Amino acid sequence: MPKIDRKTFQYRSNQLLAHIRTKVADKSLKPGDFIPAETALAQEFQLSKNSVRLALEKLVEEGLIVKIPRVGTQVAPQRERTVIRLGLYPSLYEEVKLKRLIELFQERHPHIQVEALEISYYSPDKIRQLLQLGVIDAVTLNHPDYLHFRDRGLLELLEPLTAHPETYDFLNGLFPDGKGRLAVKPFIFSPVILCYNQNHFRENRVFEPDSSWTWQDLREALRRLAGPNRYGLFFHLSSTNRWPIFLLQNEARFVRGRDGDGMIRPEDPAMLDSLPVIRDLIHEEGLFPLVMSFGLHDVEQLFKQQKVSVILTTYYRLNQLADAGFPFDIAQLPKFKNRDTLLLCTGIALNAQSPRKEAAQRFIDFLTSEEVQSLIRRQTFTLPANKWIAELERPEALQTPSRLEIYREMIPHFTTHDRLQLTIKEIELLGDCQEQYFSKLVDTEELIHVFNKQLADAQVTSM
């Protein structure tokens, strides 16, 4: 048989696997029944015998079939059902169509049932308790929650995992366990990006954002875009995944105990100079809906209503815009000293103490498999961790931005919260204090004093 390309091979192999799984699910093939010989399957699905053998190995791993030497391949006996509990961020239902993925896994592994337990973002203490009490067998963890586990010496709660060979290296680098393996297996990722209404730019004869734009360039464009019942820019001002970008783009680093007073300060006061720029922008008449700036779920909604022209968002949140009904596109963020942007990544971790570790590991392997990563890529805007899939496949049947692949140009500018040299708890506290700063109640120097006072109060409270 002539050699076939990878995509065709994958398609035919998936057809073969789906055929057998369906036959087992609908009882056409019962436990103990023999499946057709490899030569017959090779002819039916136009695959080589070796390719058929590789496909069948997946079914053996799933426990669906068993191979009997010199006899044939049988449907495996029914096994006792194992229930595993997955702690998950509820946004994943939309970001990766998780409900369907769980259903698909259970179709492939009828002896394993997945029960979902929703957890809030940035709730690492609750996740720790659920792991220690054995309530969950696996859990989705974003990078900030991982940093909390690392900073508190809690990585021993997570079973070491092996990196997938086709996962982006920079994603594997986010979750080391300190012993040469992974504490968390990367699943999906996104940088923070700019998203804009193309009609608004064209109607006002404003050129679309390009890689040379600064925040001042954006501000000048917003002045031309804003109008009656419409603002120029919107984003979650208080979000831990938004405001740190302005410090990171100004190369801010925080140090402890300078001048012997024990306070946490930026290495150089000029590192905070980006904050007044953003504060002035959001307070300029008509540019930013300030009264709503601390909302949690309204950014993409206002954009879809065309009441705002530009938003800061992510590939995850682009899924909210699939039915926008007007053309929109995405771009890199404008820059201060650099054009860095936050890299967001959600991975999956395994409870080291789970008595159902084998079944939970099987589910993690399923979610990070090429098949599932391909489903995520084709059915959503979300970026899968698998580099091969992310770069060679595209979403289907979605209103797709022309610059959808711009994340590849942004890779050198990906950065993470810990570059600020603050713990995640300190970053969250600094974010709380910035409500006063962006409300013009304190200046940058007073912001640092308020931050240190609240930090000291928090330490006293926790004692």
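What comes next concerns the included structure. (Residues numbered from 1 in each chain as written. Predicted model: local features only at pLDDT ≥ 70, side-chain atom pairs only at ≥ 80, totals over all residues. Heavy atoms only, no water.)

Okay, the overall build of the protein chain next. Within the protein chain one finds 20 helices and 14 strands. Its C-alpha radius of gyration of 25 Å places the protein chain within 12% of the 23 Å reference for a compact globule of 463 residues. Within the protein chain, the proportion of its 463 residues that are buried is 52%. Taking all contacts inside the protein chain whose residues are at least 6 apart in sequence as the whole, residues at least 24 apart take part in 71%. Between the averaged position of the 58 positive side-chain charges in the protein chain and that of its 61 negative side-chain charges there is a distance of 5 Å. (Helix = DSSP H or I, 4+ residues; strand = E, 2+ residues; numbered from the N terminus. Rg over C-alpha atoms; globule rule 2.2 N^0.38 Å. Buried < 20%, exposed > 50% of the residue type's maximum accessible area, 1.4 Å probe, protein only. Contact = heavy atoms within 4.5 Å. Lys, Arg positive; Asp, Glu negative; His and termini not counted. Charge placed at Lys NZ, Arg CZ, Asp CG, Glu CD.)

With that settled, consider the packing of helix H10 (residues 215–225) against helix H12 (residues 274–283). Relative orientation of the contacting elements H10 and H12 amounts to 5°, with a least axis distance of 11 Å. One way to sum up the angle between H10 and H12 is to call them roughly parallel. In this structure, H10 contributes Trp215, Arg219 and Leu222 to the contact, and H12 contributes Val277, Ile278, Asp280 and Leu281. Along the lines of polarity and charge, the residues of the contact of H10 with H12 split into five nonpolar, no polar and two charged. (Axes fitted to C-alpha atoms, helices over the stretch in contact; angles between N-to-C directions. Parallel < 35°, antiparallel > 145°, perpendicular 65-115°, else oblique. Nonpolar A, V, L, I, M, F, W, Y, C, P; charged D, E, K, R; others polar.)

So, on to the pairing of strand S5 (residues 138–142). Summarising burial for S5: five of the five residues are buried, a large majority. The side-chain alternation of S5 yields two buried faces, one formed by Ala138, Thr140 and Asn142 and the other by Val139 and Leu141. Bridge count for strand S3 (residues 82–88) against S5 is two bridges, and the pairing is parallel. Note on S5: the bridge partner recorded for glycine 87 is valine 139. Pairing of S5 with strand S12 (residues 341–350) involves five bridges; the strand directions are antiparallel. Within the sheet, the bridge partner assigned to asparagine 142 lies in S12 and is threonine 346. (Pairing = 2+ DSSP bridges.)

Here we take up the packing of aromatic side chains. Enumeration over the complete set of coordinates arrives at 19 aromatic pairs. Seen from their ring centres, tyrosine 168 and phenylalanine 170 are 5.0 Å apart, and the 35° between their planes marks the pair as tilted. A centroid spacing of 5.5 Å and a plane angle of 75° characterise the contact between tyrosine 437 and phenylalanine 438, whose relative ring orientation is edge-to-face. By relative accessible area, which is 2% here, phenylalanine 438 ends up buried. Above the plane of the ring of tyrosine 437 lies arginine 279, whose end atom (NZ or CZ) is 4.2 Å from the centre. (Phe/Tyr/Trp six-rings, centres within 6.5 Å; stacked < 30°, edge-to-face > 60°. Lys NZ or Arg CZ within 6 Å of the ring centre and 35° of its normal.)

Now for the pattern of salt bridges. Here the idea is simple: oppositely charged side chains can pair when their charged atoms come close. Here the structure, examined in full by the defined rule, presents 26 salt bridges. Residue arginine 317 is joined to glutamate 300 by a salt bridge in which the shortest nitrogen-to-oxygen separation is 3.0 Å. On the criterion of sequence distance, the pair formed by arginine 317 in helix H14 (residues 315–318) and glutamate 300 in helix H13 (residues 299–304) is long-range, its members being 17 residues apart. The buried category is assigned to glutamate 300, whose relative accessible area is 3%. The network of salt bridges with common partners includes Glu38, Arg53, Glu57 and Lys67. (Salt bridge = Lys/Arg side-chain N within 4 Å of Asp/Glu carboxyl O.)

Let us now look at the side chain of glutamate 95. In this fold, glutamate 95 is placed in helix H4 (residues 92–95). An unpaired buried charge is present at glutamate 95: no salt bridge exists, and arginine 317, the closest side chain of opposite charge, is 5.9 Å distant. Other than its neighbours up to four places away in sequence, glutamate 95 contacts Tyr121, Ile188, Tyr316, Asn319, Thr380 and Thr382.

Moving on, we come to the packing of helix H6 (residues 124–132) against helix H7 (residues 143–151). When two helices pack together, their arrangement is given by the angle between the helix axes and by the axis-to-axis distance. Remark: H6 packs on H7, axes separated minimally by 10 Å, with the N-to-C direction vectors making an angle of 65°. If you check the angle between H6 and H7, you find them roughly perpendicular. As H6 packs across H7, the resulting crossing turns out to be right-handed. Taken together, the residues of H7 that come into contact with H6 (itself represented by Pro124, Asp125, Ile127, Arg128 and Leu131) are Asp145, His148 and Phe149. Tallied by class, the residues present in the contact of H6 with H7 amount to four nonpolar, one polar and three charged. (Left-handed = near helix turned anticlockwise from the far one by under 90°.)

Within the fold, leucine 92 resides in helix H4. Take leucine 92: its relative accessible area is 1%, and that puts it in the buried class. Spatially, the C-alpha atoms of leucine 92 and glutamate 267 are 38 Å apart, while their sequence positions differ by 175 residues.

For the rest of this paragraph, the subject is the side chain of serine 309. Structurally, serine 309 can be placed in strand S10 (residues 308–314). The buried category is assigned to serine 309, whose relative accessible area is 0%. In this view, serine 309 contacts Cys195, Tyr196, Asn197, His200, Leu225, Arg230, Tyr231, Gly232 and Phe303; residues no more than four positions away in its chain are not counted.

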